[in-house]
Amino acid sequence: MQNIKILTAGDSSVLIEFKKEISPEINRKITSTVQLMKEQHIEGVVDVIPAFCSLLVNYDPRVISYENLKKRLTLLLKMETKTGEQRKRVYEIPVCYGGEYGPDLENIAKHAGLTQEEVIQIHSSRDYLIYMLGFLPGFCYLGGLDERIHTPRLANPRIKIHAGSVGIGGSQTGIYPLDSPGGWQLMGMTPVKTYDPLREKPILVEAGDYIRFRPVDEDEYKRIKEMVERGEYQCTIYEGEV
């Protein structure tokens, strides 16, 4: 991949800029670079934060200088990353659609000229790539929403959207990990906690993973919710090639 740039970003960070486009190819390159950095254990690197088409690397300048870090990163970016690029991990997320769980499902269906059942089928029929995490801890920016159900945000955002709400905002879909204000159209709710500060791994997923929504009825939603509260529920995870 050509035209990768390494830029300064303050006195303790560098920004690796990849091709300026939002695409699965760029995301796979970023994800595999993160994987390589973890394997290389570059002394002085404090954190790596992936975005749509860039990777922010935070480092301790008392341990490694900018020049040495840039040298290491330049070599790393030339390494083969085919193994990382083939990785695909899909988290199955149960969702109870419509009713009190998804008060805007009817709006979404009317905007699309579809039935509510057709919207649910479309929304749950594909795997969504997690391009990046942000906005709130565990909030996933997902790619791949079918154009037929793209829906504008609400004209008047809600003051509070409950954690676990699944919605659509324009061309994106996602899960609210915490109670938060927001303007997305709510179509359902999951009992799964994508963010739990008491969990050993607080954020459930990583950039580069995929999410697959599975429709469940209210009874199954409540059963899973009880298991989640007891710490007994584990998401089904599918492994495969991209």
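For the structure given in this document, a descriptive report is provided here. Numbering of residues starts from 1 in every chain and runs along the sequence as written. For this predicted model, a pLDDT threshold of at least 70 governs which residues receive local features, and a threshold of 80 or more governs which side-chain atom pairs are given and counted, while totals over whole chains, interfaces and linings are taken from all residues. With hydrogens and water stripped out, all remaining heavy atoms of the structure feed into the side-chain values.

1. Digging into the nonpolar core
- Residues enter a nonpolar core if they are buried and are Ala, Val, Leu, Ile, Met, Phe, Trp, Tyr or Cys, with the set joined through side-chain atoms within 4.5 Å. Working definition: with a 1.4 Å probe on protein chains only, accessible area under 20% of the residue-type maximum means buried, over 50% means exposed, and in between means partly exposed. In this structure, Ile93, Met187, Ile211 and Phe213 are the most contacted members of the largest nonpolar core, which totals 30 residues.
- Where this core is concerned, the elements lending two or more residues are strand E5 (87-97), helix H4 (105-112), helix H5 (116-123), strand E6 (127-133), strand E7 (140-143), strand E9 (165-169), strand E13 (210-215) and helix H6 (218-229).
- Strands here mean DSSP runs of E at least two residues long; helices mean DSSP runs of H or I at least four residues long; both are numbered from the N terminus. At four residues, E5 tops the list of elements feeding residues into this core.
- Beyond its immediate sequence surroundings of up to four residues, Met187 is in contact with Tyr97, Gly98, Tyr101, Gly102, Leu105, Ile108, Val119, His123, Val166, Gly167 and Ile168.
- Residues Ile42, Leu55, Val57 and Leu77 belong to the second largest nonpolar core, which totals 19 residues. In this description, contact between two residues means that some pair of their heavy atoms is separated by no more than 4.5 Å.

2. Quick word on the environment of Lys222
- Checked against the element boundaries, Lys222 lands in helix H6.
- Lys222 gets classed as partly exposed once you look at its relative accessible area, which sits at 44%.

3. A few points about helix H2 (residues 66-77)
- What a helix is expected to span follows from its residue count: subtract one and scale by 1.5 Å. The end-to-end C-alpha distance of H2, which contains twelve residues, comes to 16 Å, matching closely the 16 Å that a straight helix rising 1.5 Å per residue would cover.
- Of the positions making up H2, those classed as buried are Leu69, Leu73, Leu76 and Leu77. For H2, the angular spread of the buried residues around the axis is 90°, confining them to a single face. Of the exposed residues in H2, those oriented more than 90 degrees away from the buried face are Glu67, Lys71 and Leu75. It is the directions from the helix axis to the C-beta atoms whose arc is reported.

4. Here's the deal with unusual backbone geometry
- You will see that His41, though not glycine, has its phi angle at about 50°, which is positive.
- Tracing the chain through its elements places His41 in the loop between helix H1 (24-40) and strand E3 (45-50).
- In this structure, Phe135 takes a positive phi of about 70° despite not being glycine.
- Relative to the helices and strands, Phe135 resides in the loop between E6 and E7.
- Residue classification places Phe135 among the exposed residues on the basis of a relative accessible area of 52%.

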